[in-house]
Amino acid sequence: MLTAEDNVLLTRTGPGTPMGDLFRRFWQPVLLSEELPTPDCAPVRIKVLSENLVAFRDTDGNVGVLDVNCPHRRASLFFGRNEECGLRCVYHGWKFDVNGDCVDMPSEPAESNFKDKVKITAYPARDYGSCIWIYMGPIETMPELPQLEWATVPETHRNVRRWLQESNYMQSTEGEIDTSHVSFNHRWFDLSKAPRQNLARRMKNGQPMNNMDGAPQLTVKETDYGFVYGSRRDVGDGEYYWRVTQFILPFYSLIPNPGDREGGRCWVPMDDEHISVFQYSVSTDEPFTDEQRKLMNVSPEKLLRVKYEFADGSVVDTWQPERQMHNDFLIDRDMQRTVNYTGIASGREQDMAMTDSMGSIGDRTKEHLGTSDTAIISGRRILLRMARELQEGVEPYAPSHPEVFAVRAIDVVDTQGDFFKLLEEQAELGKAQPIS
Ligand code: FES
Ligand SMILES: [Fe+2]
């Protein structure tokens, strides 16, 4: 459990908050590149760390991310004209380029220099790894983009999806470093009814190894990029099933997977009660086929393109899964008795039903954490420590060392029972590898 004060510190990322300051030291993915498909296409509304923004691709193909509200009289630039290398407000014609400079102000006399004095908030933006990334921190600490494997592989080997979820970023971040839930929340009594992507499981004697030991032993090791933890399941015959997972600052997961597939998710705060989720998959071998992409896109099952309105009237353009809290994730009680543990048909929604039902910001003062929560405790401790240190002037290490992000999750059966020795012996498996 946490104190109420630490829970606030951990979960609030708006402007001026300690965690918000920390997150602003990192580049963050904020929308898919395909959402701005062509020069001068329609702008897209986003919300990042409680700031309302608009993204557009200008005539030269450069991406701009600006405050959504025009600095003149605050009309939304979403309605703007995206033309001739700038986004023009359609109220009085003020026009802004990707750097936030006001490049035209037709409502003022031609001799006026007022436009040179007006600037709109603009964040540096990059196309990278099929996503648009922005940097919202001080310009003097702006780092290179992080060398996350999923972002650096050829597009043919990558699949990325994005959707909105109605809960604080930390609940999903914790869900991803909580390996023991896999034995329960994602259990199928009848594997033949599972969506195909769930069949990539290690089996022994006809049993998924995940189900063979519901109380895995966890060991955590702090690293430059966050931490790595190993979950060891005893699968008999002197063998251990190791799932080695990275928590990459500030909010990325890498999920161990048998075979030639890597992947994970990140949870970018829109505000303190909503996240923009990016789910990335990488083929470490051949390019993805259309059939493989279709199968990857079954969880969440169906993403609907929506205009999502917040309580304060702000709006974003995003996707949402069909199964959501308001329809109880379409739980099927018959299925829950006979087919799987949750009665919810797909893996992501099984997770969402748990993390989003904690409340939009979970109350960590009321929890009872056990030994299986070791990694969650570490994740919280690291983020809280870094947020406090930054307030004292200590910059985080990872953002300015983009190479530390190039790691891979490990999924292996081994006779080695010691986590630290396993990491040494299987060091190559834990590194991102160039794809030929
Ligand atoms: S409100 Fe945008 S130009 Fe006036
Ligand atoms: Fe899960």
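Note that the structure is a prediction, hence the values are computed from the model and not measured.

1. Section: the domain arrangement of the protein
According to the domain assignment, the protein contains domain 1 (27-141) and domain 2 (149-430). One C-alpha centre belongs to domain 1, the other to domain 2; they are set 33 Å apart. Across the contact, 24 residues belong to domain 1 and 28 residues belong to domain 2. Roughly 1,900 Å² of surface becomes buried between domain 1 and domain 2 when both sides are summed, with 56% attributable to carbon and sulfur atoms. Considering only the side of domain 1, the residues that lose the most area to domain 2 are Pro29, Arg45 and Lys47, jointly responsible for 33% of the buried surface there. For the pair domain 1 and domain 2, the interface holds four salt bridges. Salt-bridge contacts for Asp312 lead to Lys47; the nearest nitrogen and oxygen are separated by 3.9 Å. Run the count over domain 1 and domain 2 and you get nine residue pairs in polar contact (both at pLDDT 80 or more).

2. A closer look at unusual backbone geometry
Following Leu249, the chain continues to Pro250 via a peptide bond in cis, the omega torsion being -5 degrees. Summarising the element assignment, Pro250 is placed in the loop between strand 17 (240-248) and strand 18 (252-254). Each neighbour pair has its own omega, and for Ser299 with Pro300 the value is -5 degrees, a cis peptide bond. By the element assignment, Pro300 lies in the loop between helix 6 (290-296) and strand 21 (303-309). One non-glycine residue, Ser50, lies in the positive phi region at around 70 degrees. Relative to the assigned elements, Ser50 resides in the loop between strand 2 (44-48) and strand 3 (51-57).

3. So, the packing of helix 5 (residues 169-176) against helix 9 (residues 374-391)
The description of two packed helices rests on the angle between their axes and on the distance between the axes. Contact geometry for helix 5 and helix 9: axes closest at 9 Å, N-to-C directions at 135 degrees. When the interaxial angle is binned, helix 5 and helix 9 end up oblique. Between helix 5 and helix 9 lies a crossing of right-handed hand. The segment helix 5 lies against helix 9, with Tyr169, Met170 and Glu174 engaging Ile376, Gly379, Arg380 and Leu383. Residue composition of the contact of helix 5 with helix 9, by class: four nonpolar, one polar and two charged.

4. Things to note about the pattern of salt bridges
Overall, the coordinates contain 32 salt bridges when judged by the stated rule. Put simply, Glu83 and Arg81 hold a salt bridge, and the shortest N to O gap is 2.9 Å. Given the relative accessible area of 47%, Arg81 is considered partly exposed. Each of Arg81, Glu83, Arg88 and Asp104 takes part in salt bridges that share partners, so that together they form one network.

Conventions we followed
Residues numbered from 1 in each chain as written. Chains lettered and ligands numbered in written order. Predicted model: local features only at pLDDT ≥ 70, side-chain atom pairs only at ≥ 80, totals over all residues. Heavy atoms only, no water. Domains from an automatic or database assignment. Contact = heavy atoms within 4.5 Å. Buried area = accessible area lost by both parts, 1.4 Å probe. Salt bridge = Lys/Arg side-chain N within 4 Å of Asp/Glu carboxyl O. Polar contact = N/O pair within 3.5 Å; in protein donor to acceptor, adjacent residues only side chain to side chain. Helix = DSSP H or I, 4+ residues; strand = E, 2+ residues; numbered from the N terminus. Axes fitted to C-alpha atoms, helices over the stretch in contact; angles between N-to-C directions. Parallel < 35°, antiparallel > 145°, perpendicular 65-115°, else oblique. Left-handed = near helix turned anticlockwise from the far one by under 90°. Nonpolar A, V, L, I, M, F, W, Y, C, P; charged D, E, K, R; others polar. Buried < 20%, exposed > 50% of the residue type's maximum accessible area, 1.4 Å probe, protein only.

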